[in-house]
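Next come the chains, spelled out residue by residue.
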Amino acid sequence: ASSSFRNGTQYRDITEFRKLMLTEANRDRFVRCFITKLLTYANGVEPDNFAEVEKIVRTSVAREYRIVDTIAAVIDSPLFREE
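Because the structure is a prediction, the values reported are computed rather than measured.

Enquirer: Explain the overall build of the chain to me, please; I cannot follow it from the model alone.
Expert: Secondary structure assignment for the chain yields five helices and two strands. Traced from its N-terminal end to its C-terminal end, the chain shows the element sequence β-β-α-α-α-α-α. Taken over the C-alpha atoms alone, the chain extends approximately 45 × 25 × 20 Å along its principal axes. A burial count over the chain gives 24% of its 83 residues as buried.

Enquirer: Hey, could you run me through the packing of helix α2 (residues 24-43) against helix α4 (residues 67-76) in this one?
Expert: Two quantities define a packed helix pair, namely the angle between the axes and the distance from one axis to the other. Taken N-terminus to C-terminus, the directions of α2 and α4 make an angle of 45 degrees; their axes are 11 Å apart at the nearest point. Relative to α4, α2 is oriented oblique. For the element pair α2 and α4, the recorded crossing hand is right-handed. Judged by residue contacts, Val-31, Phe-34, Ile-35, Leu-38 and Leu-39 of α2 engage Ile-67, Thr-70, Ile-71 and Val-74 from α4. Broken down by class, the residue content of the contact of α2 with α4 amounts to eight nonpolar, one polar and no charged.

Enquirer: Explain the side chain of Glu-52 here, please?
Expert: Its place among the elements puts Glu-52 in helix α3 (residues 50-62). Buried charge without a salt bridge: Glu-52, with Lys-55 as the nearest opposite-charge side chain at an N-O distance of 4.3 Å. With near-sequence residues (within four places) excluded, Glu-52 lies in contact with Ser-77, Pro-78 and Leu-79.

Enquirer: Please clarify how α2 should be interpreted in this entry.
Expert: Residue pairs spaced three or four apart in an α-helix point in one direction, given the helix's 3.6 residues per turn. For α2, spanning 20 residues, the distance from its first C-alpha to its last is 28 Å, which sits close to the expected 28 Å at 1.5 Å a residue. What α2 keeps buried is the set Asn-26, Asp-28, Val-31, Ile-35, Thr-36 and Leu-39. Buried residues belonging to α2 abut α1 (14-21), α3, α4 and α5 (78-82). Immediately beyond the C-terminal end of α2, within one or two residues, lies Gly-44, with a positive phi of roughly 80 degrees.

Enquirer: Could you clarify how one ought to interpret the environment of Leu-79 in this entry?
Expert: Here Leu-79 lies in helix α5. Distance in space between the C-alpha atoms of Leu-79 and Asn-49 is 7.8 Å, their sequence separation being 30 residues. Apart from residues no more than four positions distant in its own chain, Leu-79 is found in contact with Leu-39, Asn-43, Pro-47, Asn-49, Glu-52 and Val-53.

Parameters at a glance
Residues numbered from 1 in each chain as written. Predicted model: local features only at pLDDT ≥ 70, side-chain atom pairs only at ≥ 80, totals over all residues. Heavy atoms only, no water. Helix = DSSP H or I, 4+ residues; strand = E, 2+ residues; numbered from the N terminus. Buried < 20%, exposed > 50% of the residue type's maximum accessible area, 1.4 Å probe, protein only. Axes fitted to C-alpha atoms, helices over the stretch in contact; angles between N-to-C directions. Parallel < 35°, antiparallel > 145°, perpendicular 65-115°, else oblique. Left-handed = near helix turned anticlockwise from the far one by under 90°. Contact = heavy atoms within 4.5 Å. Nonpolar A, V, L, I, M, F, W, Y, C, P; charged D, E, K, R; others polar. Lys, Arg positive; Asp, Glu negative; His and termini not counted. Salt bridge = Lys/Arg side-chain N within 4 Å of Asp/Glu carboxyl O. Expected span 1.5 Å × (residues − 1).

Structure representation (structure tokens):
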């Protein structure tokens, strides 16, 4: 499968896609989107406190993007508990 990103970057197969996703900018975008979608699903509304979302992203980065740690940071966030 091949496709391209909005910025015009293209990939021809899963190997190229993985390489693109491993760049720091794409990892951050992916994690930010994951966090936003998880909070939206949990609370029924998209979060509007972008500073708190960025705090969760920084926690994820500090813990090497581990999914368990990212989910724990979301659950520990006031966005999860108070929305």
